[in-house]
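Remarks on the overall topology
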2 protein chains.
Amino acid sequence: MKNAGAQAPASENGRVFSAGFRHELDALFQWRRDVRRFLTDPVPDDLTRAVLAAAASAPSVGLSEPWRFIRVESVAARADVIANFERCNADALAGQPDDRQPLYASLKLAGLRDAPVHLAVFCDEDGEQGHGLGALTMPEMRRYSVVCAVMQMWLAARAMGLGMGWVSILDPAHLSRDLEAPDSWSLIAYLCIGWPEEEHTDCELERAGWEDRLRLAGRILTR
Amino acid sequence: MKNAGAQAPASENGRVFSAGFRHELDALFQWRRDVRRFLTDPVPDDLTRAVLAAAASAPSVGLSEPWRFIRVESVAARADVIANFERCNADALAGQPDDRQPLYASLKLAGLRDAPVHLAVFCDEDGEQGHGLGALTMPEMRRYSVVCAVMQMWLAARAMGLGMGWVSILDPAHLSRDLEAPDSWSLIAYLCIGWPEEEHTDCELERAGWEDRLRLAGRILTR
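This section reports on the structure supplied with the text.

Turning next to the sheet that holds strand β1 (residues 67-71) of chain A. Backbone-to-backbone hydrogen bonds join strands into a sheet, with any given pair of strands oriented parallel or antiparallel. One open sheet holds the 5 strands; their spatial order is β3(A)-β4(A)-β2(A)-β1(A)-β5(B), and the pairing between them is mixed. Either end of the sheet is taken by a strand with one partner, and the two such strands are β3 (163-167) of chain A together with β5 (220-222) of chain B. The mean angle between the axes of side-by-side strands here comes to 25°, regardless of whether they run parallel or antiparallel. Taken together, the 5 bridges between β1 of chain A and strand β2 (residues 117-124) of chain A define a ladder with antiparallel strand orientation. When the bridges of β2 of chain A are listed, Ile 70 of chain A appears paired with Ala 120 of chain A. Against the sheet, helix α5 (residues 141-159) of chain A makes contact with β1, β2, β3 and β4 (185-194) of chain A, and its axis sits at roughly 5° relative to β4 of chain A, the strand it touches most.

Structure (structure tokens):
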């Protein structure tokens, strides 16, 4: 984003962000990782609340704000989540081709045991808020709005030095039942938050040899 | 995010973001809007490429990087998109309760005619990249990864002074056919990007009286 800003037209009735900020934002994107290795040190509650506040300023279709949260704190509730993950991860391992099973088995795919903060994030599929605007032909927009909120939480957390990991190796319907989520809530994300053991600009799956990043250029067509 | 950072444990092997940066990031969240009123001034291509680069540093399930893009530039392709929007918006208006139809009809819901940059963003549902990791029980994670990329684009664009609008009042299958998208690509977002006519910290739907923001506190349960 080096050259950004110089070409902006005259209208300056809004907030201007400096080149220095844009540089730091780019660094935030590079240092934002999916974290699975957490210290067990507690996270002060004002930081958890700041992460949640970042969710609340996300865009949402029709201003429907369909995001809902369950803070998963009890030992019993966390044990259910860990058991859910372990069942699903065993199935996922079994479903990998033989030649990839040893590598899959070696990966650390969740930080559920160590992360001090667990948040289950849902979409309320039924809320009247927003009056359906923007979601008639693409009802999935409500769920996408919740994903936008999660992405803002991720960036806000990392800016504060916290790591976040998104665990998707879960049976979402089973997890919703275990957590006694309201019937109209669909699970979007299960998030672990805490202080990371280590920090990197490359992702753990790259370092472990699971997959490589590809160049963006090959993914852009023009019409 | 005022108090953030002071309590971080000793481990400092990663990039630290300053309190000043966190304050600016919070301002970015507040000034990031869904823009529907654009100036027609062109956007330099290096800025469009910087917005796309922000997509490429988003998280993706299993490092699958399923995001795909079509830059919609031709008059004919844009006319198809506008016609698609107008059909869907007429249907959406007709589907609103009688007492809300005048307000709905008064809303400006897309900046398709003025925005200099149009990007259609897709999820490749078939790619081998990522080897299915994290997407067995929640295959929607591929689409959610693309939404994460869109959210990063939105923030990067606004940091450069650009506005972005996400148009979802579209028939996605029809649009994909019109754009001759590959069969395995699903439309996630249609984005308008350009210089905003005006800037606000409150959203246009709030100003127009369509919907109000609600407090976050009522949406958080604990288990």
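What follows deals with the relation of the copies chain B and chain A. When chain B is brought onto chain A, the operation consists of a screw motion whose angular component is 180° and whose axial shift is 0.0 Å, with 0.0 Å RMSD remaining. Both copies of the chain, as the preceding transformation shows, are related through a two-fold rotation axis. In this assembly, 100% of the residues forming the interface of chain B have copies in chain A that are likewise at the interface, indicating an isologous arrangement.

Moving on, we get to the sheet that holds strand β2 (residues 117-124) of chain B. As summarised here, the arrangement of the 5 strands in space is β5(A)-β1(B)-β2(B)-β4(B)-β3(B), forming an open sheet in which the pairing is mixed. Strands with a single pairing partner mark the edges of an open sheet, and in this sheet they are β5 (220-222) of chain A together with β3 (163-167) of chain B. Averaged over all pairs of adjacent strands, the angle between strand axes in this sheet comes to 25°, irrespective of strand direction.

In this assembly, 96 residues from chain B lie in contact with 96 residues from chain A. Counting residues per element, the ones that place at least two in the side of chain B that touches chain A are α1 (19-31), α2 (45-56), β1 (67-71), α3 (75-95), α5 (141-159), α7 (204-207) and β5 of chain B. Alignment of β5 of chain A against β1 of chain B, held across 3 bridges, turns out to be parallel. Along β1 of chain B, the bridge assignment pairs Thr 222 of chain A with Arg 71 of chain B.

Further remarks concern the packing of α2 of chain B against α5 of chain B. Residues and elements named next belong to chain B. Where α2 contacts α5, the two axes come as close as 7 Å, and the packing angle between them is 140°. With respect to each other, α2 and α5 are oriented oblique. In the crossing of α2 with α5, the sense of the turn from one axis to the other is right-handed. Along the contact surface, α2 presents Ala 50, Val 51, Ala 54 and Ala 55, while α5 presents Ala 149, Gln 152, Met 153, Ala 156 and Ala 157. Across the contact of α2 with α5, the residue classes break down as 8 nonpolar, 1 polar and no charged.

For α1 of chain B, built from 13 residues, the straight-helix expectation of 18 Å at 1.5 Å per residue is met to within 8% by its first-to-last C-alpha distance of 18 Å. The complete set of buried residues in α1 of chain B reads Arg 22, Glu 24, Leu 25, Leu 28 and Phe 29 of chain B. Along the long axis of α1 of chain B, the arc covered by the buried residues comes to 160°, so they all point the same way. Buried residues in α1 of chain B make contact with α1 (19-31), α2 (45-56) and α5 of chain A together with α5 of chain B.

Time to look at the nonpolar core. Proteins that are soluble and globular tend to have nonpolar side chains buried together. Ranked by size, the top nonpolar core spans 138 residues in total, and within it Val 121 and Ile 193 of chain A together with Val 121 and Ile 193 of chain B carry the most contacts. Setting aside residues no more than four positions away along its own chain, Ile 193 of chain A makes contact with Val 43, Thr 48, Val 51, Ala 115, Val 117, Leu 119, Ala 157, Leu 162 and Met 164 of chain A.

Before going further, it helps to examine the pairing of β2 of chain B. Two faces belong to every sheet, and in a regular strand the side chains alternate between them. Residue and element names in this part refer to chain B. Most of β2 sits out of view: 8 of its 8 residues are buried. Judged from the 8 bridges that link them, β2 and strand β4 (residues 185-194) form a sheet pairing that is antiparallel. Residue pairing in the sheet places Leu 119 in a bridge with Leu 191 of β4.

Definitions and cut-offs
Residues numbered from 1 in each chain as written. Chains lettered and ligands numbered in written order. Predicted model: local features only at pLDDT ≥ 70, side-chain atom pairs only at ≥ 80, totals over all residues. Pairing = 2+ DSSP bridges. Helix = DSSP H or I, 4+ residues; strand = E, 2+ residues; numbered from the N terminus. Axes fitted to C-alpha atoms, helices over the stretch in contact; angles between N-to-C directions. Contact = placed C-beta atoms within 7 Å. Least-squares fit on C-alpha atoms with pLDDT ≥ 70 in both. Parallel < 35°, antiparallel > 145°, perpendicular 65-115°, else oblique. Left-handed = near helix turned anticlockwise from the far one by under 90°. Nonpolar A, V, L, I, M, F, W, Y, C, P; charged D, E, K, R; others polar. Expected span 1.5 Å × (residues − 1). Buried ≥ 20, exposed ≤ 12 C-beta atoms within 10 Å, placed from the backbone. Arc of directions from axis to C-beta. Core = buried A, V, L, I, M, F, W, Y, C linked by C-beta atoms within 7 Å.

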